[in-house]
Amino acid sequence: MIISSTGDFREAARRRLPRFLFDYADGGANAEETLRRNVSDLSSVALRQRVLRDVATIDLKTTLFGREIALPVALGPVGISGMYARRGEVQAARAAAAAGIPTCLSTVSICSIEEVARAAEPFWFQLYVIRDRAFMRDLITRAKIAGAEALVFTVDMPVPGARYRDAHSGMSGPRGPLRRAVQAMGKPGWAWDVGVRGRPHMLGNLLPVLGANSGLNDYMGWLGANFDPTIQWRDLDWIRAAWDGPLIIKGILDPEDAREAARIGADGIVVSNHGGRQLDGVLSTTRALPDIAEAVGDTMTVLADGGIRSGLDVVRMLALGAQGVLLGRAWVYALAAQGEAGVTKLLDLIAREMTVAMTLTGVNRIVAIDRSILADAGRRYDATNGSDWV
Ligand SMILES: Cc1cc2nc3c(=O)[nH]c(=O)nc-3n(C[C@H](O)[C@H](O)[C@H](O)COP(=O)(O)O)c2cc1C
């Protein structure tokens, strides 16, 4: 099939993957309202077309946490992405490194920190709040030794969200292993490439705690049993003390929480609702971002994710106040569709679309992107007025 957009990668991924894996990536929590809002609110942000402004040279480079990168984009943490292509985290990391952007590895990846760090440049590591603090400390140490340049601490998953699609697909629920095996048989391309040649399918970073049981079945159970809902802001002091590099708090959706993150000494935040996979019904990140950027943008680096499907979307997030963005499903669809080559193609597409957007909004540098390139610049989303931009 012809692939010219993230939507095409999504369709190619749907054709290639067993249903449980496609639905796991594609789905969200409950009725998936927030997942839809992330996409639709972002794509409805209108850009302001400007012409004849000499934009012959467009520079997409920027600096995040002291490191120059080719685009204001990173591959965000996505659990079990090693199931979407053979040793998928490594393939994605290679594509990101070649494109000059960071890869952020999930705690719950198939490939381990050590396996991915060799391919990723720059390499960030994402940590979850786990009951076993000694194990968290071990992961921080492993990330540091492996050369991680930033620690992304995800705080919006004290418990997993209600994901109805996973119950239906066999990702969770009764007879999961049997249903997954039947689905895999119906996708022989995936079954040979990933199911057979992509082994081992264990959660690489959790081997020390799960041992030989760290397979997919244990993944959902482990998430539920080991995430820690008792954590509070003051518990983050020890993480700040244990990690001396850039610390980024991921999963902020409220200006008050953004201020707390600044107070504990975080260097950055990711405005995120976990791609609509946690609390359905919360604000889209598009709507949450402007107030958060206003609250803390002068004191820390504000990143954002959720619903980014194109280079236009990247430019929109920057205009709303982000200094950089994380891709989620977009890169997973590309990885599932075409492996490393797919992620390379996606990043090239994003760069080309950003160039078009910057050319036609009359800005030639990333730092010059602000609300002035939006058609509704200065006007804000009025939460009291329902769902419209006013
Ligand atoms: C399949 C899947 C797995 C994810 N796993 C993680 C994870 O392990 N850690 C994490 O911090 N966020 C995780 N996320 C959330 C992403 O990092 C990101 O916040 C979200 O995907 C952004 O929304 P988008 O996919 O609509 O762009 C996951 C998202 C998806 C789709």
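Definitions and limits used
- Residues numbered from 1 in each chain as written.
- Predicted model: local features only at pLDDT ≥ 70, side-chain atom pairs only at ≥ 80, totals over all residues.
- Heavy atoms only, no water.
- Helix = DSSP H or I, 4+ residues; strand = E, 2+ residues; numbered from the N terminus.
- Rg over C-alpha atoms; globule rule 2.2 N^0.38 Å.
- Buried < 20%, exposed > 50% of the residue type's maximum accessible area, 1.4 Å probe, protein only.
- Near = heavy atom within 4 Å.
- Polar contact = N/O pair within 3.5 Å; in protein donor to acceptor, adjacent residues only side chain to side chain.
- Core = buried A, V, L, I, M, F, W, Y, C linked by side-chain atoms within 4.5 Å.
- Contact = heavy atoms within 4.5 Å.
- Axes fitted to C-alpha atoms, helices over the stretch in contact; angles between N-to-C directions.
- Left-handed = near helix turned anticlockwise from the far one by under 90°.
- Nonpolar A, V, L, I, M, F, W, Y, C, P; charged D, E, K, R; others polar.
- Pairing = 2+ DSSP bridges.
- Right-handed = clockwise from strand over helix to strand, strands pointing away.

**Here we look at the overall build of the protein**
Within the protein, the secondary structure is distributed over 16 helices and ten strands. A globule of 390 residues ought to have a C-alpha radius of gyration of about 21 Å, and the protein, at 20 Å, matches this closely. Taken over the C-alpha atoms alone, the protein extends approximately 60 × 50 × 40 Å along its principal axes. Across the 390 residues of the protein, 57% fall into the buried class.

**Overview of unusual backbone geometry**
Glu121 connects to Pro122 through a cis peptide bond whose omega is -5 degrees. By secondary structure assignment, the location of Pro122 is in the loop between helix H5 (113–117) and strand E5 (123–128). Put simply, Arg199 and Pro200 share a cis peptide bond, and its omega is 0 degrees. Positive phi values are uncommon outside glycine, yet Leu52 reaches one of about 55 degrees. Secondary-structure assignment places Leu52 in the loop between helix H3 (33–43) and strand E1 (62–64). A positive phi angle is found at Asp54, which is not glycine, with a value near 45 degrees. With respect to the helices and strands, the residue Asp54 is situated in the loop between H3 and E1.

**Concerning the site of the ligand**
Lining the immediate environment of the ligand, one finds 22 residues, of which Pro77, Ser106, Thr154, Asp305 and Arg329 sit closest. Contact distances for the ligand include 2.8 Å between a nitrogen atom and a side-chain N or O atom of Tyr128. Residue Gly307 places a main-chain N or O atom 3.0 Å away from an oxygen atom belonging to the ligand. When residues of the shell around the ligand are traced back to their parent elements, those giving at least two are helix H2 (19–26) and E5.

**Here we look at the nonpolar core**
Of all hydrophobic cores here, the largest spans 119 residues; its most connected members are Ile80, Tyr84, Phe125, Ile249 and Ile269. At 16 residues, the largest contribution of residues to this core is made by helix H16 (residues 329–361). In this view, Ile249 contacts Phe153, Val155, Trp233, Leu236, Ala261, Ile264, Ala266, Gly268, Ile269 and Val270; residues no more than four positions away in its chain are not counted. Residues Ile69, Ile248, Val270 and Leu303 belong to the second largest nonpolar core, which totals eleven residues.

**Here's the deal with the packing of helix H13 (residues 255–263) against helix H14 (residues 285–296)**
Direction vectors running N to C along H13 and H14 enclose 35 degrees, while the axes themselves pass 9 Å from each other. Of the two possible hands of crossing, H13 and H14 adopt the one that is right-handed. Across the interface between the two elements, Pro255, Ala258 and Arg259 from H13 touch Asp291, Ile292, Ala295 and Val296 from H14. Considered class by class, the residues forming the contact of H13 with H14 number five nonpolar, no polar and two charged.

**Examining the environment of Met354**
By the secondary structure assignment, Met354 is in helix H16. With 20 residues separating them along the chain, Met354 and Ala334 place their C-alpha atoms 18 Å apart. Excluding residues that lie within four positions of it along the chain, Met354 makes contacts with Leu60, Pro72, Gly311, Val314, Val315 and Ile366.

**Structural notes on the pairing of strand E9 (residues 301–304)**
By the alternation rule, side chains of E9 split into Thr301 and Leu303 and Val302 and Ala304, which are all buried. Where strand E8 (residues 268–271) lies against E9, four bridges are found, and the strand directions are parallel. When the bridges of E9 are listed, Val270 appears paired with Leu303. As defined by bridge partners, E9 adjoins strand E10 (residues 324–327) across two bridges and the pair is classed as parallel. Paired with Leu303 across the two strands is Gly324, which belongs to E10. At this point the chain moves from E9, through helix H15 (residues 311–319), to the parallel E10, and the crossover so formed is right-handed.

**Points about the environment of Val159**
Here Val159 lies in the loop between strand E6 (150–154) and helix H7 (164–169). With 69 residues separating them in the primary sequence, Val159 and Asp228 have C-alpha atoms 7.4 Å apart.

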